[in-house]
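Here is how the chains run, residue by residue.
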Amino acid sequence: MAPLSTVGVAIPIPEPYGTELQRRRESFGDPLALRIPTHITLVPPTVVNAGDLPAVTEHLTQVAATVEGFRIRLRGTGTFRPVSPVVFVTVVEGISPCGLLQEKLRRAPLERELLFPYHPHVTIAHNLDEPTLDRAFKELSAFHASFQADSFSLYEHGPDGVWRPQRSFGLI
């Protein structure tokens, strides 16, 4: 049997915002805070044959060569509760470009169905108790940031449970 790899594709949140949000996530006691770099998901965790990684890289390169960079603005908080115990920072500008980009990326060899409709966001608390989720929602309700999305990254899930960027793909 061929070795498998779990990969994901995301827009990394640039500094200083990425570290700030990661520290806030850690302050809420989220055990995944230091295992997952702060990001906007484009392709959720997807299992591929390790031998297919060159094809994945080629696919990502081709998609990146067809998409212009775009502005992202984050403001305030939202939640997926009661469907899912997640609190997030809301993407208020860049929603459509994120949606179009993820549609292009979720084609072979990364083709997969989504469990929920695509909704770009930045997770700040996940699978925590209700009072902690409420606290995260309230404490980051005034958060705001704006930046240019000029690339996306391929991440690989390591055997230690940490997601690590493998390569960045510049948009045009």
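Because the structure is a prediction, the values reported are computed rather than measured.

With respect to the pattern of salt bridges
Using the criterion set out here, one finds 7 salt bridges in the structure. Salt-bridge contacts for Glu139 lead to Arg135; the nearest nitrogen and oxygen are separated by 2.9 Å. Here Arg135 and Glu139 lie together in helix H4 (residues 130-139), a separation of 4 residues that amounts to about one turn. Accessibility expressed as a relative area gives 34% for Arg135, which makes it partly exposed. With a shortest N-O distance of 2.6 Å, Asp160 and Arg164 are connected by a salt bridge. You can call Asp160 partly exposed: its relative accessible area is 38%. The exposure class assigned to Arg164 is partly exposed, which follows from its relative accessible area of 35%. Sharing partners across several salt bridges, the network here consists of Arg24, Arg135 and Glu139.

Structural notes on the sheet that holds strand S7 (residues 151-157)
As summarised here, the arrangement of the 4 strands in space is S2-S1-S7-S8, forming an open sheet in which the pairing is antiparallel. Pairing within the sheet leaves two strands with one partner each, and these edge strands are strand S2 (39-49) and strand S8 (163-170). In this sheet, neighbouring strand axes are inclined to one another by 25° on average, regardless of whether the strands run parallel or antiparallel. With respect to the sheet, helix H2 (residues 53-64) is in contact with strand S1 (4-12), S2, S7 and S8, its orientation differing from that of S8 by roughly 45°. Across the face of the sheet, helix H3 (residues 95-105) comes into contact with S1, S2 and S7 while running at roughly 5° to S2.

Points about the environment of His126
On the secondary structure map, His126 appears in strand S5 (residues 121-126). Measuring from C-alpha to C-alpha, the distance between His126 and Phe88 comes to 8.7 Å, with 38 residues separating the pair along the chain. Residues within four places of His126 in sequence aside, it is in contact with Arg25, Asp30, Leu32, Pro85, Val86 and Leu133.

Let's talk about H3
Burial in H3 covers these residues: Cys98, Gly99, Leu101, Gln102 and Leu105. Buried positions in H3, seen along its axis, are confined to an arc of 165° and lie on one side of it. Across H3 from its buried face, at more than 90 degrees, point the exposed residues Ser96 and Leu100. In this structure, the buried side of H3 is in contact with S1, S2, H2, strand S3 (70-79) and S7.

Some details on unusual backbone geometry
The omega angle of the peptide bond from Glu15 to Pro16 is 5°, so this bond is cis rather than trans. Topologically, Pro16 is positioned in the loop between S1 and helix H1 (17-27). Cis geometry marks the peptide bond from Arg81 to Pro82, where omega comes out at 10°. Within the element layout of this structure, Pro82 appears in the loop between S3 and strand S4 (86-93). Phi at Asn127 takes a positive value of approximately 55°, unusual for a residue other than glycine. In this structure Asn127 comes out as exposed when scored by relative accessible area, which is 55%.

Examining a nonpolar patch on the surface
Residues Val83, Leu115 and Phe116 make up a contiguous nonpolar surface patch of about 380 Å² in total accessible area. Residue placement: Val83 occurs in the loop between S3 and S4.

About the cut-offs
Residues numbered from 1 in each chain as written. Predicted model: local features only at pLDDT ≥ 70, side-chain atom pairs only at ≥ 80, totals over all residues. Heavy atoms only, no water. Salt bridge = Lys/Arg side-chain N within 4 Å of Asp/Glu carboxyl O. Helix = DSSP H or I, 4+ residues; strand = E, 2+ residues; numbered from the N terminus. Buried < 20%, exposed > 50% of the residue type's maximum accessible area, 1.4 Å probe, protein only. Pairing = 2+ DSSP bridges. Axes fitted to C-alpha atoms, helices over the stretch in contact; angles between N-to-C directions. Contact = heavy atoms within 4.5 Å. Arc of directions from axis to C-beta. Patch = residues over 30% accessible without salt bridge, like charges linked within 9 Å, V, L, I, M, F, W, Y side chains within 5 Å. Areas by Shrake-Rupley, 256 points an atom, 1.4 Å probe, with all protein chains shown as cover.

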